[in-house]
Amino acid sequence: MSAAHNHNHPPCIREDGLQDGCRRCTQHAENLLSLDDDNLHALIERTRLWMADKGRYPLSDNELIAMRLVEKHLVFARVMERLDTVAV
Ligand SMILES: [Zn+2]
């Protein structure tokens, strides 16, 4: 998708998403906890939109990798909630 890779890090993915062709964005996609809280929050919110309407997102291949991970975690978080085993 996007060929741009001259962007600042830490990235602000709220607008543009994780970019393809950027080694650090690839690392962030594969290791979600490497993102700061603001970017993580944006990614989780966009993943929820993506889960409801998969035609709107992702904004890049790297974002798709990240969203698939977030989706798994969201599903697992619901299981933990149901089992009342969310850490306090
Ligand atoms: Zn990047």
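In what follows, the structure referred to is the one given above.
Conventions adopted
- Residues numbered from 1 in each chain as written.
- Predicted model: local features only at pLDDT ≥ 70, side-chain atom pairs only at ≥ 80, totals over all residues.
- Axes fitted to C-alpha atoms, helices over the stretch in contact; angles between N-to-C directions.
- Helix = DSSP H or I, 4+ residues; strand = E, 2+ residues; numbered from the N terminus.
- Parallel < 35°, antiparallel > 145°, perpendicular 65-115°, else oblique.
- Left-handed = near helix turned anticlockwise from the far one by under 90°.
- Contact = placed C-beta atoms within 7 Å.
- Nonpolar A, V, L, I, M, F, W, Y, C, P; charged D, E, K, R; others polar.
- Buried ≥ 20, exposed ≤ 12 C-beta atoms within 10 Å, placed from the backbone.
- Expected span 1.5 Å × (residues − 1).
- Arc of directions from axis to C-beta.

(A) Representation of the packing of helix 2 (residues 23-30) against helix 4 (residues 61-82) within the structure. The geometry of helix 2 relative to helix 4 is characterised by a closest axis approach of 8 Å and an angle of 15° between their N-to-C directions. Considered as vectors, helix 2 and helix 4 are oriented roughly parallel to each other. When you trace helix 2 past helix 4, the crossing you get is left-handed. Packed against helix 2, whose contacting residues are Cys25, Thr26, Ala29 and Glu30, the element helix 4 presents Asn62, Ile65 and Ala66 at the interface. Of the residues that constitute the contact of helix 2 with helix 4, the class distribution is four nonpolar, two polar and one charged.

(B) How the structure looks around the environment of Ile65. With respect to the helices and strands, Ile65 occurs in helix 4. Taking the number of C-beta atoms within 10 Å as the measure of exposure, Ile65 has 18 and is therefore partly exposed. Every residue in contact with Ile65, bar those within four places of it in the chain, is listed here: Ala29 and Glu30.

(C) Helix 4, seen in detail. In a regular helix each residue adds 1.5 Å, so 22 residues correspond to 32 Å; helix 4 covers 32 Å between its end C-alpha atoms and thus fits that length. Turning to helix 4, its buried residues are Asn62, Glu63, Ala66, Met67 and Val70. Take helix 4 and look down its axis: the buried residues cluster within an arc of 115°, on one side only. In helix 4, those exposed residues whose orientation departs by more than 90 degrees from the buried face are Lys72, Val75, Phe76, Val79 and Arg82. Buried residues along helix 4 sit in contact with helix 2 and helix 3 (37-52). One or two positions beyond helix 4, positive phi appears at Asp84, with a value near 55°.

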